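Per-entry structural report
Chain by chain, the residues:
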Amino acid sequence: MNVTSTFNAWLSEKDLLVTKVRSEMGEHRFTHTLAVAKEALSLANVFGFSEKDAKRLFVAALLHDYTKAYSTEKQLSLAEEYGIALSEDDLASPPVLHSRTAAVVCQTLFPEDVDHAICEAIRCHTVGKKEMSLFDKLLFLADYIEETRTHPICLETRKQFYEKLATGSNKEKTLNDTLRQVLQNTVDYVAKQGNKVHSDSLTMLENL
């Protein structure tokens, strides 16, 4: 797969979806979203996804932050409207809410594009969950290491991940080791800020 040409072709193919996504967010968030979609294609290629599954991961990436720009009040209103169950940890961590609402809202708005696996990957892309599929893991990682990220930790994570793969390291192990480090960084940061660490992140960390 030529990632750049495939990315451009699929953007064109999903033009209506892309236009709708763009209408829900500012330019910075949209740029990030496209970068996650391109990164997701790179990862799908590395891990040998079929064209069908790579396109599904591409769609999940396009939609992962669909409700990110919404206020906490609107997130809670959507949760009530769509019957989305929110845990105490979700409610204590407002930045997590968009992953919960986007999963259900997108499945409702775009049923021809969003299947259960896509919905689930969107739902867990922020804090993870106990049993992450490869599909889930790749969206989670793409969101963290996409090429427009400027935070030093994100840049270093991306560099080390691809360098390890280039040495012929086991892909699954490299992926899990990288995710473990990402989660540990997140847990440490949240704890340092004096905030509650989401239990789903701790559970994912324990099960990698």
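Residues numbered from 1 in each chain as written. Predicted model: local features only at pLDDT ≥ 70, side-chain atom pairs only at ≥ 80, totals over all residues. Heavy atoms only, no water.

Quick look at the overall build of the protein chain now. In terms of helices and strands, the protein chain carries 12 helices and zero strands. Ordered by position in the sequence, the α and β elements of the protein chain form the string α-α-α-α-α-α-α-α-α-α-α-α. Computed over its C-alpha atoms, the radius of gyration of the protein chain comes to 16 Å, within 12% of the 17 Å expected for a compact globule of 208 residues. In terms of overall dimensions, the protein chain has C-alpha extents of about 45 × 40 × 30 Å along its principal axes. Burial statistics for the protein chain: of 208 residues in total, 48% are counted as buried. Here the analysis covers contacts within the protein chain between residues at least 6 apart in sequence; of these, 66% occur between residues at least 24 apart. Of the roughly 10300 Å² of accessible surface on the protein chain, 50% is carried by carbon and sulfur atoms. Put simply, the protein chain has 24 plus and 30 minus side-chain charges, and the middle of one group is 4 Å from the middle of the other. (Helix = DSSP H or I, 4+ residues; strand = E, 2+ residues; numbered from the N terminus. Rg over C-alpha atoms; globule rule 2.2 N^0.38 Å. Buried < 20%, exposed > 50% of the residue type's maximum accessible area, 1.4 Å probe, protein only. Contact = heavy atoms within 4.5 Å. Areas by Shrake-Rupley, 256 points an atom, 1.4 Å probe, with all protein chains shown as cover. Lys, Arg positive; Asp, Glu negative; His and termini not counted. Charge placed at Lys NZ, Arg CZ, Asp CG, Glu CD.)

Given 3.6 residues per helical turn, the α-helix brings residues three or four places apart onto the same face. When we look at burial in helix α8 (residues 116–123), the residues that qualify are Ile118, Cys119, Glu120, Ala121 and Ile122. The secondary structure elements touched by the buried residues of α8 are α4 (51–63), α7 (97–109) and α9 (134–145). A distance of 3.2 Å separates the backbone nitrogen of Ala117 from a side-chain oxygen at the start of α8, and that oxygen is part of Asp115. (Polar contact = N/O pair within 3.5 Å; in protein donor to acceptor, adjacent residues only side chain to side chain.)

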